Amino acid sequence: MPNEYKILRPLLVYRYLMQHSDEEHPVTTTAIIDMLEKQGISCNRKTVYSYIDALNEVGCDIMLSKDGKCRGYFIASREFELPEVMLLVDAVSSAGFITPKKTLSLIEKLKSLVSEEQANSMVSQVYVDSRSTKCSNEEIYIIIDHLHDAIMRRKKVRFTYRRRSIDVYNKKKHTEKSFTVSPYALIWKDDHYYLVCNNDKYDNLMNLRIDRMKGLVILKEDYRHFSEVSPYKNKFDTRDYSSKMFNMFSGEVCDVRLKCSLNLQEEMLDRFGASIPLTASDPTHFETVVRAAVSDGLVSWIMQYGDDIEVMSPPELIEMIKNKADSIINVYN
């Protein structure tokens, strides 16, 4: 390396330590010297010490392990610690809207956040099955990028929306429909990525799966403001909206009164937040009032608890529960 690039030498040491060192696998001074010599840089131990001192001066947390068996330098703290990277890898692996190919690519990038030894031990526990429920839409990154851009610029988008079906001859079919919508938010829920948007034909919100979109383009036309089709005025509250949706079925949001078995207290608090009211109803039940969208998704969510939840109001939700229960009974009759 030419002398004018001497300033880069500490950076080579830092990169080497980032790739090859952690607390359990420190790197010896000899190994650092060997690495620099392969780059055409001749140095001694004293020079390596000065490089490490300079890196620590600018905020790099490099420590010396004095353990007799594992003596050497290692990166003591990173932007992402190993448990954090493992959480991200698990999220990417389980996300149904990311294709198998892009899943492996993302995991490779996440591996660079930890040492090679840590990456090898971590990724050996990860299995990505290309035959799983992951989508096959390789446009997903481009679509997400365009949607984010359109939301920021407040522009409408147009795309083709694809649905799958199987006929009586067991042949897979796809139906495609063109949509022009006003986009408001992107929500990752139940292992799928959704666009919350409005179709000008209706005065409500709709949720569409992003992995089913293709050929998305941003239009020059300004979007319809969300205040015209939702309760939000100055800012679309994504968190509030998501908390009220069940299985991303949209519907009219209202107060829902539930009578629940005592053993469901934790589940209600986890689902609706610690601020919901819990009132004793009798020795074995409590009542609570939550804000939720009355929809088929809410009906399915409630019915999974059987007789542990009774809907007290609104009347239309009670009627939906009854009709669903009757239809299930009819199937088995």
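Residues numbered from 1 in each chain as written. Predicted model: local features only at pLDDT ≥ 70, side-chain atom pairs only at ≥ 80, totals over all residues. Heavy atoms only, no water.

Asker: Sorry, what's going on with the overall build of the protein chain here?
Answerer: Counting secondary structure elements, the protein chain contains eleven helices and eleven strands. For the protein chain, whose C-alpha radius of gyration is 28 Å, the value lies well above the compact-globule estimate of 20 Å for 333 residues. For the protein chain, the residues scored as buried account for 40% of the 333 residues in total. Sequence separation of at least 24 residues holds for 60% of the intrachain contacts in the protein chain that already meet a minimum separation of 6. Looking at the protein chain as shown, the accessible area adds up to about 20,200 Å², and 50% of this sits on carbon and sulfur atoms. Put simply, the protein chain has 45 plus and 48 minus side-chain charges, and the middle of one group is 7 Å from the middle of the other. (Helix = DSSP H or I, 4+ residues; strand = E, 2+ residues; numbered from the N terminus. Rg over C-alpha atoms; globule rule 2.2 N^0.38 Å. Buried < 20%, exposed > 50% of the residue type's maximum accessible area, 1.4 Å probe, protein only. Contact = heavy atoms within 4.5 Å. Areas by Shrake-Rupley, 256 points an atom, 1.4 Å probe, with all protein chains shown as cover. Lys, Arg positive; Asp, Glu negative; His and termini not counted. Charge placed at Lys NZ, Arg CZ, Asp CG, Glu CD.)

Asker: Looking at this structure, how should I read the packing of aromatic side chains?
Answerer: Applying the stated criterion across every chain, the model contains eleven aromatic pairs. Relative to Tyr241, the ring of Phe236 has its centre 5.6 Å away and its plane inclined at 55 degrees; by these criteria the two rings are tilted. Comparing Phe236 with Tyr241, the two get one shared label, buried. A connected cluster of aromatic rings, assembled from ring pairs, spans Tyr184, Tyr223, Phe226, Tyr232, Phe236 and Tyr241. Positioned above the aromatic ring of Tyr141 is the side chain of Lys102, whose terminal nitrogen or guanidinium carbon lies 5.2 Å from the ring centre. Cation over ring: Arg271 sits above Phe272, and NZ or CZ is 5.5 Å from the ring centre. (Phe/Tyr/Trp six-rings, centres within 6.5 Å; stacked < 30°, edge-to-face > 60°. Lys NZ or Arg CZ within 6 Å of the ring centre and 35° of its normal.)

Asker: Could you clarify how one ought to interpret the side chain of Glu287 in this entry?
Answerer: Among the secondary structure elements, Glu287 is positioned in strand E10 (residues 285-294). Among the polar contacts listed, one links the side chain of Glu287 to the side chain of Arg257, at a separation of 3.2 Å. Beyond its immediate stretch of four places on either side in the chain, Glu287 contacts Arg257, Leu258, Lys259, Pro277, Leu278, Thr279, Ser281 and Met312. (Polar contact = N/O pair within 3.5 Å; in protein donor to acceptor, adjacent residues only side chain to side chain.)

Asker: I would appreciate a short explanation of the nonpolar core in the present structure.
Answerer: It is characteristic of soluble globular proteins that their nonpolar side chains tend to be buried jointly. One finds Leu147, Phe159, Leu195, Ile210 and Met213 to be the most contacted residues of the largest nonpolar core, which totals 28 residues. Looking at this core, the elements with two or more residues in it are helix H4 (82-94), helix H5 (100-111), helix H7 (140-153), strand E3 (155-166), strand E4 (172-189), strand E5 (192-199), strand E6 (206-209) and strand E7 (213-222). By residue number, the principal contributor to this core is H7, which donates five residues. Residues Phe246, Leu264, Ala292 and Trp301 belong to the second largest nonpolar core, which totals 22 residues. (Core = buried A, V, L, I, M, F, W, Y, C linked by side-chain atoms within 4.5 Å.)

Asker: What should I look at first to understand the sheet that holds strand E8 (residues 252-261) in this one?
Answerer: What holds strands together in a sheet is hydrogen bonding between their backbones, with the strands either parallel or antiparallel. Strand order in the open sheet formed by four strands is E9-E10-E8-E11, and the pairing between neighbours is antiparallel. Two strands lie at the open edges of the sheet, namely strand E9 (279-282) and strand E11 (309-313), each paired on one side alone. Averaged over all neighbouring strand pairs, the angle between strand axes comes to 45 degrees, with direction disregarded. Its contacts with the sheet put helix H11 (residues 315-332) on E8, E10 and E11, and the angle it makes with E11 is roughly 140 degrees. (Pairing = 2+ DSSP bridges. Axes fitted to C-alpha atoms, helices over the stretch in contact; angles between N-to-C directions.)

Asker: Help me understand the side chain of Asn199 in this model?
Answerer: Note on placement: Asn199 falls in strand E5. For Asn199, a relative accessible area of 11% puts it in the buried group. In contact with Asn199, other than residues within four places in its own chain, are Phe179, Thr180, Val181, Met206 and Arg224.

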